[in-house]
Structure formats: C-alpha cells, structure tokens
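Here is what each chain is made of, one letter per residue.
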Amino acid sequence: MSSYSTSSVNTQNYKPLSLQELEQRDRFVHRHIGPSENDISEMLKSLGMNSLDELINRTVPDSIRMSGELDLPGSRSETEVLNELRSMANRNQVAKSMIGMGYHSTILPGVIQRNLLENPGWYTAYTPYQPEVSQGRLEALLNFQQMIIDLSGMDVANASLLDEATAAAEAMTFCKRVSRSKSMRFFVADDCHPQTIDVLKTRAEPMGFELIFDNIREQLENPEADLFGALIQYPGTYGDIHDIEKLIEKWHELGAMVTVASDPLSLVLLKPPGELGADVVIGSSQRFGVPMGFGGPHAAFFAARDKNIRSIPGRLIGASIDRRGKTALRMALQTREQHIRREKATSNICTAQVLLGVIAGCYAVYHGPDGLKIIAHRIHRLTNILKAGMKQLGFSADNIYYFDTLTFSLEKKCDSIYERALEEGINLRKTDSEQLGISLDEETTKEDIVTLWRVFAGDKKLPSIDELDSHFMDLSNDSGIPKNLRRTSEILTHPVFHQYHSETAMLRYLRYLQDKDIALDRAMIPLGSCTMKLNATSEMIPISWPEFANIHPFAPPQQTEGYRDLIGELENALIQITGFDAVSMQPNSGAQGEYAGLLTIRSYHKSRGEEQRNVCLIPSSAHGTNPASATLASMKIIIVKCDQDGNIDLENLRILAEKHAENLATLMITYPSTHGVFEDSLIQICDIIHENGGQVY
C-alpha cells in the first residue's frame, strides 16, 4: 500500500474536520506556494525560529504592520473561481469585429494554442537572462526578429516591446537622440491610430516636444520643415495607402528622421517601409495569431538600421559561439538596460512581451511565406470585392488605395447603418458622426461580405461575389494596392520558415525548443525582481475562452460588461490592499506604472501652481527603472545615500529634502527595497518628504 493511502486511512490519527475545513476553499495557497510544511520547518530551524509568525515579527517592523483584516471577500476554491469567471465571460458578447485600429480577429493555430500558449513549459519560464537554460525561447525570439526584419525591410529588429503605441513613443525619443537635431518638433500624421496619438501626447509634454499634426496628403505637397522626426501610419488608420517614398527623402534632406508604423500582415503585399527609406519601423504583431483580448497584451516590434543598433530600445537576440565552439544564442545587445545606465538611460523599457512574440514568430514559422501570402491575398481580395459591391449598391468608399480597411462617408445614414450592423452581430468603426470604417481580417468570409452589403443596401438586389471574384482574378484589376507599392522582394527565406508546415512537424519543433529551456514544469526558478512567478493553470484557462479572447478593445460597452466587472472587481481589491482611493489598470509593466505615477505627481504639483517642482530623490539601492522613468518625466535626479544593508540614510535624505525643498517633487522608494529589506523608518521617510512639499512614490 502507498504511503499516501496508509496515512489517509489511519483512523487512529484522524482529526475530525469541520465542513468549512472540508470544503478546502483555501487550497489555492497550499497548491501553489512551493514549500511543504517540512520545508518550512527546516528553513525556520536554520534561522533559529519556531514559526512563520516569529519570522514576520522579526522582519517586518511594527511601525508599518497593518492592524485588522483586509475588507476582501473570503477565499474560494479554484473551481468556484472558474465558475465565476465563466459567469463574467458570459456577460461579454462576442461580435464579428470589423473595427480595425490595429486590432484584428485572427486564427491561432491549434498546434500553437495547445503546445505553446497553454503549455506551462512556455508560459512559466523566466526572463532569459541565463542563456544556457533559455536556448529554446531565444531561438523562437530570433525567429520573431527575422520575421520582422524580412517584413519591414529593415536591418535589425528587437525581441518585442509592450505595445504599438509605446513603440511609437520609443521611436520618437529614438529619433531625437539619433538625429542630434536642435529642433523640438515632431510630426505625427493625423491618420495614425488614435491610441498611438494619445500616448505620444503624454510622452511628448514632459520632454518639451511639440507635436505637429497634419494630413499626410498635405505633407506630400508641402513637407513640414524644422523637425527632428516624423511618424507616418502605412496603411493609415482609415485604410489609405500613400506613396511616402519621396516625402521620406525630402524629410531626410531637411534633417529629420522618419518612423513608419505598419501592420506586418499588410507588408506581405506592400512594398516594405525599409525600401521606402524609413529610419524606424514599428507596429504590433497581434494579428499573427494573438487574440485581441480586449486590447492586450500583444507584442509590438521596433526595427531600425544597423548603424543605429546601439540606440534601439529593448533587447536583441543574437548568435554567439560557446566555449565548445558551438553556436549558442544570447541576449546580444541590451545597452540601455536600466540596471546599468540608470539615470543616464533614455528609456525605461526593461521588459518585453516574450510569450506573445514567440506566438507571433511561430505563427510565421507554421504558415511560412506562402501561407502568409494566401492569408493576405484572401483578405485583400475580400476587401476589393466589398468595395466594388458597395459601389454597385451606391456607396463609394473614400479610399483610392487600401489593403484591408475602407471608410465610407454616409451623412445621415451613418447611425442607422451602424445600428443595423450591430443587429447582425457586426461591429463597425464610427470614425465620426457621418463616417463608418470597415476592416477585414483573417476570419472574414464571403458570407460576411454579403451580410455587409445587406446591412448597407437593405432590400436591394445584391452583387454576385463570384462575378466580382472573377473580375479581380485579373491582376490588372487588383487595384487596391498601387503597382509601384506592390511588394517584389522575398520574405521569410530562412529555412526555419519552410520546414514546419504540418501539425506534426510544428508539434515536434515546439517540443524541441521547449526541451532546451527550464521553466516551472521542470524546476524551481530561484530568481528575484518583479517578474511574474505564479501562472496557475486555473488563471490561464480563461484567456483562451472566446468571450475573453475575441473582444475588441473598442467594442461597444454593452458587449464588454463581463470584462468591466472583472477589471472593476480587481480595482476595488487593489484599493483595499493599497489603501488608495483609485487604481488604474492601464500601465502594462512595472516601469510604465512608475512613469504613470511620476506624471500623476507632476500633474498634482502643476495643479497647485508649483510647476517648478522637478527634483526626484532616488535611493542608490533603487531598481534601475526608477531613475530611467524619472528621466522620461524630465525630472532632475538626485541620489540618496544608503547603508550597506540597503537602508536609506535618513540624515542624508533630510539634508537633500531641505536643500531642494522649493523644487522637491518626489521621492521614489521600493518597498521592500531591491535588497529585500523592510525599513522601519518608512513613515519617518514619508514625513520628511511631505514636510518639504514633495510626494512619495
């Protein structure tokens, strides 16, 4: 008999349990916190302590201990939580999304979903700082970089960024830094995605950049001068494709650098920005198999020229040679990693969307160049058919050239058509009170085209899809992309994009990569920092549910009740836990949270007429992103001394706070510190800062 069975049925040692104990609603902690009771006893013994309470009493100062209990719901079993999440998911409504704006329905191949996204061998792995146990992910990320290099036509690409809007902001500061221009003006085409424009406005203001907005057609005729850089969307958010080659050439003559934001699937058919002269190409790889997920997370990309490789944000994966003379992969370049450059950093990016980047790269590996061309051509063919049919029905698109998105000026018919589309389960984009946008994607079918025609035309006789398809099979009639902007260069020529097109081959390749990594499915990961450690299976299961995965971030509010309930519940819990009045879920990394916090403090001082407050005190023991974020917020950084244990030197803090009292904006403090220390002087530290007019982050 097994030892488990013996101990389980030994009635002599059995202690009667209450029904509450038998329900085991607290089992999540026991299931997912690694050490056993014996492990805990051994560790406590080595520390000379008798209990966890004694450990807490000796490590967490009384002055900062919480009194009472948190006002939070009781614990629940994983089954109960999954049932509640299912209830929330059912309050979302999955519609056919044709909103576009950088978010598209996509088909995640089952072999990638089952063996990568839902596989703990991939989703529990730690940041690949140790290449010897990360060769699988590093190869997958190298595939991602090669995919972006090929599609963008650039020399080098990083291993992903947080999102497209953040990548655009990084490109803006990149252009300023590399161009060495004295200008403080940056041009932004007004047909960039609106969320990108919003982030650029936020980033530009503290750095003193002036954003110049204009129609790209006007710039083609009369380019703006005195710029350090420019951002163009290609194709634009309303679907238009412009020939920007001469405009880029003119801006280069005027000393400006040019960033082009692109949809990588469109670049399968379009002449790549690198061949048009772009200095930087950014965008999102979301539609390469990554569900919309109400806006993320998704892997953005950043591609540039070789000569500027050392100024690229984020990480670059490269090939090296190990001590045995064999090829080995590593993070070859991370020159701006914040734990190195700190206050001299020009970006606070210290992370990436590795899992999502790996999915996108594997999507390209699985489909290969021919598969991607089929997908892109199908989407474009359906867009051509949609436009031609609409014209027959009396609706002319505003676009001359396009890939997958059309805009229609409808005047008074706009609202009624929009509502009819909703009734048919289709979300269109309302660009203004008289315009609707339609964006097609990998999931669009010819039946969807018929439905759209019926929504617009009512009872009119509908065009024939087969007749229009025959018309567009003649390449001379395939007019959505101008001839001079049709791609002629090859893509995805590396052997890895040609070898794994069957499910079995892809399955084996994913297993081959996984076996070269260490994740929680094989061993513990005893590393620190703020990287997520626990990805419980019950927490990962719902991300693949269509009611969560297939929701567009700009879907109508009535379709996202479940999502908003979920986010609201988390916000309320965090308010209770942190003791604050409000919480934002918008920052998508710790460093972005730092930046948002500093801008909040900056705005607070501005609201009080104290705009001169720009001094940020940072302990020498702080995480490197602290000074990097403060730099982005245009704050003057002053370092506070710490002792050998990482504790803040109170006397030095007091001297510096009083010296800079007139201009003191904030103190940034990590708690516990990077050294793992809970300082018992935290309340005193906050008092010193507040007495001198500052805030504490």
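Rules of the game
Residues numbered from 1 in each chain as written. Predicted model: local features only at pLDDT ≥ 70, side-chain atom pairs only at ≥ 80, totals over all residues. Heavy atoms only, no water. Helix = DSSP H or I, 4+ residues; strand = E, 2+ residues; numbered from the N terminus. Rg over C-alpha atoms; globule rule 2.2 N^0.38 Å. Buried < 20%, exposed > 50% of the residue type's maximum accessible area, 1.4 Å probe, protein only. Contact = heavy atoms within 4.5 Å. Lys, Arg positive; Asp, Glu negative; His and termini not counted. Charge placed at Lys NZ, Arg CZ, Asp CG, Glu CD. Polar contact = N/O pair within 3.5 Å; in protein donor to acceptor, adjacent residues only side chain to side chain. Expected span 1.5 Å × (residues − 1). Pairing = 2+ DSSP bridges. Axes fitted to C-alpha atoms, helices over the stretch in contact; angles between N-to-C directions. Salt bridge = Lys/Arg side-chain N within 4 Å of Asp/Glu carboxyl O. pLDDT = per-residue confidence, 0-100. 1 Å grid on protein atoms, 1.4 Å probe; cavity = no way out; pocket = protein on both sides within 12 Å on 5 of 7 lines; lining within 4 Å. Points joined across faces, edges and corners; volume = space filled by probe spheres on them. Nonpolar A, V, L, I, M, F, W, Y, C, P; charged D, E, K, R; others polar. Parallel < 35°, antiparallel > 145°, perpendicular 65-115°, else oblique. Left-handed = near helix turned anticlockwise from the far one by under 90°. Core = buried A, V, L, I, M, F, W, Y, C linked by side-chain atoms within 4.5 Å.

Draft legend 1. Representation of the overall build of the protein. Broken down by element type, the protein carries 27 helices and 18 strands. For the protein, whose C-alpha radius of gyration is 28 Å, the value lies close to the compact-globule estimate of 26 Å for 697 residues. Out of the 697 residues belonging to the protein, those deemed buried represent 49%. Restricting the contact set of the protein to residue pairs at least 6 apart, pairs at least 24 apart contribute 74%. The distance from the centre of the 68 positive side-chain charges to the centre of the 90 negative ones in the protein is 5 Å.

Draft legend 2. Here's a closer look at the side chain of Asp-263. Looking at the secondary structure, you find Asp-263 in the loop between strand E6 (257–262) and helix H14 (273–276). A distance of 2.6 Å separates the side chain of Asp-263 from the side chain of Arg-287, its partner in a polar contact.

Draft legend 3. Representation of helix H11 (residues 194–207) in the model. Between its terminal C-alpha atoms H11 stretches 21 Å, which fits the 20 Å expected from 14 residues at 1.5 Å a residue. When we look at burial in H11, the residues that qualify are Gln-195, Thr-196, Ile-197, Leu-200, Arg-203, Ala-204 and Pro-206.

Draft legend 4. Spatial organisation of the sheet that holds strand E3 (residues 185–189). Reading across the sheet, the 7 strands line up as E2-E8-E7-E6-E5-E3-E4 and stay open at both edges, with mixed pairing between neighbours. Each having just a single partner strand, strand E2 (156–157) and strand E4 (210–214) make up the two edges of the open sheet. Here H11 sits on the sheet in contact with E3, E4 and strand E5 (229–234), set at roughly 155° to E4.

Draft legend 5. Main features of the pattern of salt bridges. Counted according to the given criterion, the structure contains 25 salt bridges. A salt bridge links Glu-139 to Lys-516; the nearest nitrogen and oxygen atoms lie 3.2 Å apart. Pair noted here: Glu-139 is in helix H9 (residues 135–152) and Lys-516 is in the loop between helix H20 (503–514) and helix H21 (537–540), with a separation of 377 residues, a long-range link. Note that Arg-203 is salt-bridged to Glu-170, the shortest N-O span being 3.8 Å.

Draft legend 6. Geometry of the environment of Lys-271. By the element assignment, Lys-271 lies in the loop between E6 and H14. Between the alpha carbons of Lys-271 and Met-43 there is a distance of 62 Å; along the sequence they are 228 residues apart. Setting aside chain neighbours within four positions, we find Lys-271 in contact with Tyr-234, Glu-245, Leu-276, Asn-484, Leu-485, Arg-486 and Arg-487.

Draft legend 7. Fine view of the confidence of the model for the protein. Across the protein, pLDDT averages 92, with 95% of residues at or above 70. Contacts for the low-pLDDT stretch residues 1–9, under 50 throughout, to residues beyond four places or in other chains number 1 contact.

Draft legend 8. Geometry of the sheet that holds strand E15 (residues 615–619). Pairing in this open sheet of 4 strands is parallel, and the strands run E16-E15-E17-E18 from one edge to the other. At either margin of the open sheet sits one strand with a lone partner, and together these are strand E16 (636–640) and strand E18 (695–696). By the bridge criterion, 5 bridges tie E15 to E16 in an arrangement that is parallel. Considered in E16, the bridge of Cys-616 is made with Ile-637. Packed on one face of the sheet, helix H25 (residues 625–632) meets E15 and E16 and runs near 170° to E15.

Draft legend 9. How the structure looks around the environment of Met-207. Relative to the helices and strands, Met-207 resides in helix H11. Spatially, the C-alpha atom of Met-207 lies 48 Å from that of Asn-477, the residues being 270 residues apart in sequence. Dropping the residues within four chain positions of it, Met-207 is found in contact with Thr-173, Met-184, Leu-632 and Ser-634.

Draft legend 10. Expanded view of empty space enclosed by the protein. Scanning all chains against the criterion turns up 5 cavities of 30 Å³ or more. The calculated volume of the largest cavity comes to roughly 220 Å³. Around the largest cavity, the lining comprises 19 residues; the ones closest to its centre are Gly-102, His-104, His-193, Asp-263 and Arg-287. Here the lining of the largest cavity is built from residues that sort into 4 nonpolar, 11 polar and 4 charged.

Draft legend 11. Representation of unusual backbone geometry. Cis rather than trans, the peptide bond between Tyr-234 and Pro-235 has omega equal to -5°. Inspection of the secondary structure puts Pro-235 in the loop between E5 and helix H13 (245–253). The omega angle of the peptide bond from Gly-296 to Pro-297 is 5°, so this bond is cis rather than trans. Tracing the backbone through its elements, the reader meets Pro-297 in the loop between strand E7 (280–284) and strand E8 (300–304). Notably, Ser-160 is not glycine yet its phi reads approximately 100°, a positive angle. Along the chain, Ser-160 falls in the loop between E2 and helix H10 (164–179). Looking at Ser-160, the relative accessible area reads 1%, which means it is buried. Phi is positive for Arg-180, which is not a glycine, with a value near 55°. With respect to the element layout, Arg-180 can be found in the loop between H10 and E3.

Draft legend 12. Region of the structure containing the packing of helix H7 (residues 110–117) against H20. Running from N to C, H7 and H20 cross one another at 20°; their axes reach a closest spacing of 10 Å. Classified by the interaxial angle, the pair formed by H7 and H20 is roughly parallel. As for the relative orientation of H7 and H20, their crossing is right-handed in sense. On H20, the residues that touch Val-111, Ile-112, Asn-115 and Leu-116 of H7 are Glu-503, Met-506, Leu-507 and Leu-510.

Draft legend 13. Fine view of the pairing of strand E10 (residues 327–333). In this structure, strand E9 (residues 316–321) lies alongside E10, joined through 6 bridges in antiparallel fashion. Looking at E10, one finds that Ile-321 is bridged to Thr-327.

Draft legend 14. The side chain of Glu-164, seen in detail. Looking at the secondary structure, you find Glu-164 in helix H10. As a buried residue without a salt bridge, Glu-164 has its nearest oppositely charged side chain in Arg-287, at a separation of 9.7 Å. Excluding anything up to four places from it in sequence, Glu-164 contacts His-193, Thr-196, Gln-233, Ala-261, Ile-282, Gly-283, Ser-284 and Ala-300.

Draft legend 15. Spotlight on the nonpolar core. With 138 residues, the main nonpolar core has Met-147, Leu-428, Ile-438, Phe-456 and Met-506 as its most contacted residues. The dominant element in this core, judged by the number of residues it contributes, is helix H16 (residues 354–392), at 18 residues. Phe-456 has contacts with Met-390, Phe-395, Phe-408, Leu-410, Ile-417, Arg-420, Leu-428 and Ile-438, leaving out every residue within four places of it along the chain. Leu-617, Leu-656, Leu-667 and Leu-682 belong to the second-largest nonpolar core, a separate cluster that totals 15 residues.

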